[in-house]
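Survey of secondary and tertiary structure
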Amino acid sequence: VKPFRSLLAGATVVALILVSLGAPPAEAQQEPGVVTGTVVDATTGEPLRGAQVVVRGTQRGALTDGDGAFRITGVPAGAHNVDVTTIGYARGTQAVTLAAGGTAELAFQLRQTAVDVAGVVVTGTGTAVERRELSADVGVLSSRQIEEAPVTDISQLLQGRVSGATVRAQSAQPGQASNINFRGISSVFASQTPVIYVDGVRVDNSSGRGFDIGGEVTSSLADILTTDIERIEITKGGAASTLYGSEAAAGVIQIFTRRGIAGAPRITARMEQGLDVPETKFIQDAGFAYPFLEDEPDFNPNFVRDEFLRTGHFQNYYLGVTGGTEAATYNVSGRMQHSEGVQPKNDGTLFTLRGAMDANVRDDLSLDFSGSYTRNNFNRLFSGVAISDPLTALEVGDILFFSGQSNLRDALDVYLLPEIGEAVNRITFSSTANYTPSPLFTSRATVGVDFRANEQRILEPIDFVVTGDEGRVDRFNRDFSSVTLDLAGTFRYPREGPVTSRFTIGAQGFREDDSAMWGTGRGYSLPGFGHFGTAADITANESTSQIFNGGIYLLENLGLWDRLFLEAGVRFDWNSAFGETVGFETYPKAGLAYNISDEDFWQPTIGRFVDVLKLRAAYGATGTFPPAFERDATLVASPFRGESAPRFDNPGNPDLRPERVATLELGFDAGILDDRVGLTFTWYDATTTDALFFVPEQPATGLTTQMRNIGEINNRGVELGVNANLVRTPRVTWNVNATYNAVRNEVTDMGGQEAFNIDAGRRVDEGMPVGAYYMNHPLDTTGDGLLDGIALDWIRHPDTDEILIPFPDRTGSIGTDVTLFRNLRLSALGDWSRGASIIDYGTAWATFNALDRIDFPTRHDADGEPLRTYSYTEAFNYLLMDGNFFKLRELSARYGVPANLIGRLPVERASVYLTARNVAIFTPSHQPIFADEARPNLIDPELVGVSSPGQLQVGGAQSITLSPPRQFRLGIEVGF
Amino acid sequence: MDASTMKETAMNRQQSRRTPRAPAVIAGALLLALAGCEWADPTRVQNPQTTPEDIAAARNPTAAMLPGLRAQFARAIRATVMITEIVSDNYSNQRTGLSTELNDPYDMIPDVTTYNTIGATGLYWNLQELRALSDFTIDTIAPGDATATDEGLAEAHYYRGMAYLMQGENVAAAPAERDGEPLSHTELLRRGVADLEASLGRLPGGDFAIRARAALARAHRALGEAGQAASYASEVLGADPTLVFSQPYSTGELENTPWIYLVSRALKEMQPLPRLDFLDPKYHSRESPIPVAKAEEMHLILAEVALAGGSWQEARGHIADAVALARTRPTTTFNDDDARVNRDLSIRPRDDDMLVRADADSPFRAGLVQSRPGPVTVYTISGTSLNADSVRTQLTTQMEVRHAFWLARQEILFLEGRRMHDLGIRLPMSRREIDAGPHISRDHPAAQPFVPDYVPTAGRMNNFSPDSPYTRRELGEDPFTFEITIEVDMNRRLAEHFDRASPLLRN
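Residues numbered from 1 in each chain as written. Chains lettered and ligands numbered in written order. Predicted model: local features only at pLDDT ≥ 70, side-chain atom pairs only at ≥ 80, totals over all residues. Heavy atoms only, no water.

Here the focus is the overall build of chain B. Secondary structure assignment for chain B yields 20 helices and 11 strands. Here chain B has a C-alpha radius of gyration of 31 Å; the compact-globule value for 507 residues is 23 Å, and the former is much larger. When its C-alpha atoms are laid out on the principal axes, chain B stretches across 130 × 65 × 45 Å. Relative to its full complement of 507 residues, chain B shows a buried share of 59%. For chain B, long-range pairs separated by at least 24 residues make up 76% of all intrachain contacts whose partners lie at least 6 apart in sequence. Surface accessibility of chain B: about 19100 Å² in total, with carbon and sulfur atoms responsible for 51%. In chain B, which carries 53 positive and 68 negative side-chain charges, the distance between the mean positions of the two groups comes to 5 Å. (Helix = DSSP H or I, 4+ residues; strand = E, 2+ residues; numbered from the N terminus. Rg over C-alpha atoms; globule rule 2.2 N^0.38 Å. Buried < 20%, exposed > 50% of the residue type's maximum accessible area, 1.4 Å probe, protein only. Contact = heavy atoms within 4.5 Å. Areas by Shrake-Rupley, 256 points an atom, 1.4 Å probe, with all protein chains shown as cover. Lys, Arg positive; Asp, Glu negative; His and termini not counted. Charge placed at Lys NZ, Arg CZ, Asp CG, Glu CD.)

As a further point, take the overall build of chain A. Across its full length, chain A holds 10 helices and 49 strands. Against the compact-globule benchmark of 30 Å for 976 residues, chain A has a radius of gyration of 29 Å, which places it among compact chains. Put simply, chain A has 976 residues, and 61% of those count as buried. Across chain A, contacts joining residues at least 24 apart in sequence account for 69% of those joining residues at least 6 apart. Split by element, the accessible area of chain A, about 35200 Å² in all, is 56% carbon and sulfur.

Before going further, it helps to examine helix α14 (residues 398-412) of chain B. Every α-helix carries 3.6 residues per turn, so stepping three or four residues along brings you back to the same face. Its 15 residues place the ends of α14 of chain B 21 Å apart at the C-alpha level, agreeing with the 21 Å of an ideal helix rising 1.5 Å per residue. Within α14 of chain B the residues assigned to the buried category are Val401, Arg402, Ala404, Phe405, Trp406, Leu407, Ala408, Arg409, Gln410, Glu411 and Ile412 of chain B. (Expected span 1.5 Å × (residues − 1).)

Right, let's get into the sheet that holds strand β7 (residues 103-110) of chain A. Residue and element names in this part refer to chain A. Within the open sheet, the three strands sit side by side as β4-β1-β7. Their pairing is mixed. Each edge of the open sheet is held by one strand with a lone partner, namely β4 (69-75) and β7. The sheet shows a mean angle of 20° between the axes of neighbouring strands, direction not considered. As paired elements, strand β1 (residues 33-41) and β4 share five bridges and run antiparallel to each other. Bridge pairing in β4 places Thr38 opposite Ala69. (Pairing = 2+ DSSP bridges. Axes fitted to C-alpha atoms, helices over the stretch in contact; angles between N-to-C directions.)

Glancing now at the interface of chain A and chain B. The interface is formed by 66 residues belonging to chain A together with 76 residues belonging to chain B. A combined buried area of about 5900 Å² lies between chain A and chain B, and 60% of that area is made up of carbon and sulfur atoms. At the junction of chain A and chain B, the tally comes to five salt bridges. Two residues, Arg70 of chain B and Glu643 of chain A, come together in a salt bridge whose shortest N-O distance is 2.7 Å. Linking chain A to chain B there are 15 residue pairs in polar contact (both at pLDDT 80 or more). Residue contributions to the side of chain A that touches chain B peak at nine residues, all from helix α1 (residues 3-21) of chain A. Of the residues assigned to the side of chain A that touches chain B, the class counts are 32 nonpolar, 16 polar and 18 charged. (Buried area = accessible area lost by both parts, 1.4 Å probe. Salt bridge = Lys/Arg side-chain N within 4 Å of Asp/Glu carboxyl O. Polar contact = N/O pair within 3.5 Å; in protein donor to acceptor, adjacent residues only side chain to side chain. Nonpolar A, V, L, I, M, F, W, Y, C, P; charged D, E, K, R; others polar.)

Attention now goes to the environment of Tyr774 of chain A. All names here are of chain A. Its place among the elements puts Tyr774 in strand β38 (residues 772-779). For Tyr774, a relative accessible area of 17% translates into the label buried. Spatially, the C-alpha atoms of Tyr774 and Val342 are 36 Å apart, while their sequence positions differ by 432 residues. Setting aside residues no more than four positions away along its own chain, Tyr774 makes contact with Gly761, Arg763, Leu792, Asp793 and Trp794.

This next bit is on a negative patch on the surface. Taken together, the side chains of Glu294, Asp295, Glu296 and Asp298 of chain A make up a negatively charged region of the molecular surface. Tracing the backbone shows Asp298 of chain A in the loop between α4 (286-289) and α5 (303-308). (Patch = residues over 30% accessible without salt bridge, like charges linked within 9 Å, V, L, I, M, F, W, Y side chains within 5 Å.)

Turning our attention to the confidence of the model for chain B. All names here are of chain B. Confidence in the prediction for chain B averages 88 pLDDT; 91% of positions are at 70 or higher. Low confidence marks residues 1-19, where pLDDT is under 50. Its contacts with residues over four positions away, or in another chain, come to 10 contacts. Scored by ipTM, the complex comes to 0.86, with pTM at 0.87. (pLDDT = per-residue confidence, 0-100.)

Residues and elements named next belong to chain B. Across the interface, helix α11 (residues 295-308) lies against helix α12 (residues 312-328) with an axial gap of 8 Å and an inter-helix angle of 170°. Relative to α12, the element α11 is oriented roughly antiparallel. Here Ala295, Glu296, His299, Leu300, Leu302, Ala303, Ala306 and Leu307 of α11 come into contact with α12, specifically with Trp312, Glu314, Ala315, His318, Ile319, Asp321, Ala322, Leu325 and Ala326. When grouped by side-chain class, the residues that make up the contact of α11 with α12 number 12 nonpolar, two polar and three charged. (Parallel < 35°, antiparallel > 145°, perpendicular 65-115°, else oblique.)

So, on to the nonpolar core. One finds Phe73, Tyr115, Tyr158 and Ile319 of chain B to be the most contacted residues of the largest nonpolar core, which totals 149 residues. Looking at which element gives the most residues to this core, the answer is helix α4 (residues 61-87) of chain B, with 13 residues. (Core = buried A, V, L, I, M, F, W, Y, C linked by side-chain atoms within 4.5 Å.)

It is worth spelling out the packing of aromatic side chains at this point. All names here are of chain A. By the definition in use, this model includes 33 aromatic pairs over all chains. With 5.1 Å between their ring centres and 50° between their planes, Tyr197 and Tyr244 make a pair best called tilted. Of this pair, Tyr197 sits in strand β13 (residues 195-198) while Tyr244 sits in the loop between β15 (229-235) and β16 (252-257), and the two are 47 residues apart along the sequence. Residues Tyr197 and Tyr244 agree in their burial class; the two are buried. Among the aromatic side chains, those forming a connected cluster through ring pairs are Tyr841, Trp845, Phe848, Tyr872 and Phe876. Lying over the aromatic face of Tyr684, Arg183 brings its terminal NZ or CZ to 4.6 Å of the ring centre. Note that Arg969 overlies the ring of Phe314, its terminal NZ or CZ placed 3.5 Å from the centroid. (Phe/Tyr/Trp six-rings, centres within 6.5 Å; stacked < 30°, edge-to-face > 60°. Lys NZ or Arg CZ within 6 Å of the ring centre and 35° of its normal.)

Moving on: the pairing of strand β5 (residues 78-85) of chain A. All names here are of chain A. As judged from the four bridges shared by strand β2 (residues 52-55) and β5, these two strands associate in the antiparallel manner. Bridge pairing in β5 links Val53 to Val84. As paired elements, β5 and strand β6 (residues 92-98) share seven bridges and run antiparallel to each other. Within β6, the position partnered with Val82 by the bridge is Gln94. In textbook terms, the turn of a hairpin is the stretch between consecutive antiparallel strands, and for β5 and β6 this stretch comprises six residues, one of which, Gly88, has a positive phi near 90°.

The structure is reproduced here in structure tokens:
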């Protein structure tokens, strides 16, 4: 197989078809006219930003600006229907007759709907498609939903807002992001982070590409922009993601940035000031950890709260300008942000510059460009499982021993000596050509690149005695680039009538190059030394990964009477990481969407109770490609005494292929009670076949492990979303929404391989959830009711008998927003999680210093005589904490200053907002699952815990980790 | 808009409607043409690692593999020392960095993490890899390599022989090829002998041949072949009466793993039996070499042959020779910050005025404990509490000589990976081998450790009393805290069970 030639030939065919299908557009004999107007909420009169206005049957359209205004030029004279769609509103349609060279003005008042079927999505659909036609659920977040969200990274935007998303934070430190997981754990090796596209370009979504400083890793999600987002579309794997092929098993998130709006320049300036207040609920503090210091005159039992943690200042400045002509628009913005962090030596500085420029080159051709530059510099502390972590050392009673000091202040000074900094430079660029030669045919070509360079540097000066290295510097540099190419053309014929058809053909691919180099210098003779060149011993290494993934897809969508939509498609995929014997991988999809409430019989009968009902069913396959070069048999070498010493490396597997996830999903979208309450329900069953396991080779061969496609994993679950518009009056609106998600995960086939651990105490075995707890626990072997032995086994909940797992199996959220007098908007969002159990290593480590955070059980002998207490290794299950929680995640208030109050100020609009994040956390009063007596609140169950770089994170083990802080922000936004 | 502008606009439109096809066709043709250009191929990836094809293209492939064998030999030695020293009575594992099971040989099941690893402490893994890498060099690479030399092959056979020897001493059984049946420890030792002889055959003279002979003396001892053991031992002593062959280590590359747990880590997991405290830490830097073959061991093999033959008076002389040589070995001073902390945070004996006895029936002896933290004397090659003259003159019974023999081996070969074999303990195959091997049943006898019945259970080899002398002293509970009694004197047990304990007699 010459994959390049095959793919290129395929792409060429696609390109030629796209061009040749382009019939000449109807001749516009007369001078075109202009359609302008506004789009507002029918109830409140609030202008709707970002609504899509299209002149039906032409290629002319526009987006509304912040005042809800739009202007469409080049509209042929004559009678037209103009459609407006936007998320959360019913479609608006108005007829207009345009004289040659004339201007028509339209005023749209859109009715809010609780269930969204009119919005348009493009991710995974080949072309823009109304949601009513979708057979699989695609989540959408509009700018209205996210612009006030007090978040610092993209993962937080999803938290509580997307049904079926489990989002778990790492800690309070900068540069990190949360773990995102849709629809359960589908792989035992691959990161479950969804693929992320920005304006059609695949961007780096990796985490842990750098040093692990004790179980906390930095993430490239932290430098994906969170401002100037127009819309986010989310597919959670399965049929909705099939067109992305071998990269999409974990789902696809696509971010669309704000485009320019024609007209005079409109300037937006924003200033935010804030405070980050440490969450101290889980801190035991020095009074507990250092009881022997009680009589010391300077001893502060609240040392951690008072002298280690602090309130950090946050500031953020934004300036944006948009404008342009009918031929070309622009939208440019810049942002500066600084945060101090709630621990010493935690701070971050972020600069972002971005711009979008769209040019209508001709009636049938437009070119869109967007790009951004981000510079993110931040400093962290050692964390989690590192003995150099000051917080852990303080909390488990270690800090005096390891620092060699006799009081906490001097010990902390030692612990604050290391410098851990990271600098990220990132450039993302996207260019899209939209060629629409005819209403029957639309096509686009996108080319783009994401380039990210990060440098991490850890300096432990010679005085840092904790690790005994006598000075050390570690540096990690990585260059990542990804190039995306995406061609698609859609042929719509017939476009009207009882049967409509839409056929899309596309070619899509990307190439990723990831090159990293890292080095360690150890041993300095003098304080102040810190460069490699001054170290006694210097080692260096590098890694390279290159991946190409490309494919061609075909998709046919058949509409019957504009209410029943049938869909069938297939993607053929090739990836450079596939083994030699593996050719193209085929991913089929098929689906059905039935808008049954559009049937004539509906409205007079069931329609009285259920206003809108769409039924949907879809089947689709996606994949996860293996890591680069895993298929190759290799030797590796390392230096030893002046020689390069070879040894066996990867055994090689010519049959290596992607994991395949086939998903069947059924669901409905319904609007009831006069369309005031919307329900979205999805049931899914997703089975991963050819699951990749690292299979140990026989030690007799001297070979280690080889990745092989031998496993099978199943995830079954439901996703439910409810959205209720409880009050809708011109002066007051009140919405409440909630999501619920439950998933059941099981390894259904091990392919003959023995069970194995993916982390301490978390095991993979047939018939069990991925990573279910398997650990030592006390046992009564004599039947006298007293614990006298130890067993290594699965851990079951003492009350429910359920197998305990490290990740939640039920998550959900509840949110509400109230708008008063159009100007004041108040909102709240909370999310909850159930089913996870978390290993509390802090409790284990405290036992080394004879600190009892919980009481371990007493071990007896065979005669029932008490011997001693069990050690934590013998009673590992006693470290398990109940991971249930509810977090009041966000509170916000935004006041749009009325025009009459702005008065003679030189601004056109102004608003003030106050937001808070991580406001309160509610945890079970008794966290330990097994220990009877305990102090409550030992760990923050939201945190994902100890993470290892790169691959699957099931979470479930924490050291002492600082919760994300309470963040308060006061912002002022003005427009000119 | 005036008429001419309108016309122009219309013309532009007309043009524009015609033009898209031509560029598209050109672009299409360009794309097809690109299919022939490899430089433009985005699917092309280059694995920067060495593949089997690269080896085939190497000019001196056998010579190129030898540094790999040297490095793997260094890994195998340090892993063997780490595991066997803690499983034996020499060291116990305190604090948290290593598997707790290492403290009790009866707990050494195939799953023990520190043992069933492919990392630095994986004795089983690293010996298998040394053997497999040697197999690859000797059986796959060398036959097709015209540039392979006798020197190179002698070295390769030596490493494979050492892999088999250390497996034969320490492991109950192990397969030696893909899908192979486990070979018994005797078969492993026989293969070791064959490779070491092959090494000698390739290169009968020089330093390397002395190492091979020393290994052959050790292998024949393990096989119970007294005559050949004595013969090779004598040859070694004849060739180099002060032989020391040590495996060096290198900073940042391959470091002395025991050093990490003896010195480097703040928790200092490896804590010696108090009567051996004076010998700790033998390796005080990350580069400290680990002795592999020493003349002292040859003397002790001769002593054991004599003891096995009933000539305990002759044995006494050989032991004295070994002790005398050991006492000439260099020492150095090292500032040890080891505070001698137990798992339960109590303090172990750490003052040089402590008196220690090997068990309740033995006399208290001074000088076995050095004061710490602080500067200590380090015996980098050999150290012993025995005195050559005393051995010659004061040992008057066979039992005393046997006891002195085991003590001499324990002290002189301390931290060299011999003690567990001397105790007769054999480790099981690792869990990976049992799970992945198609012909290895979970019920295979070598899926369990082998521990002679004279080895006490529950890690009692490591026990002493009082177990926390300083706490008791602080509490004023015990006036005799300067006297430490080890619970079991394993050398006494070995002497009493000499017929079963000595490899020369037990096989």
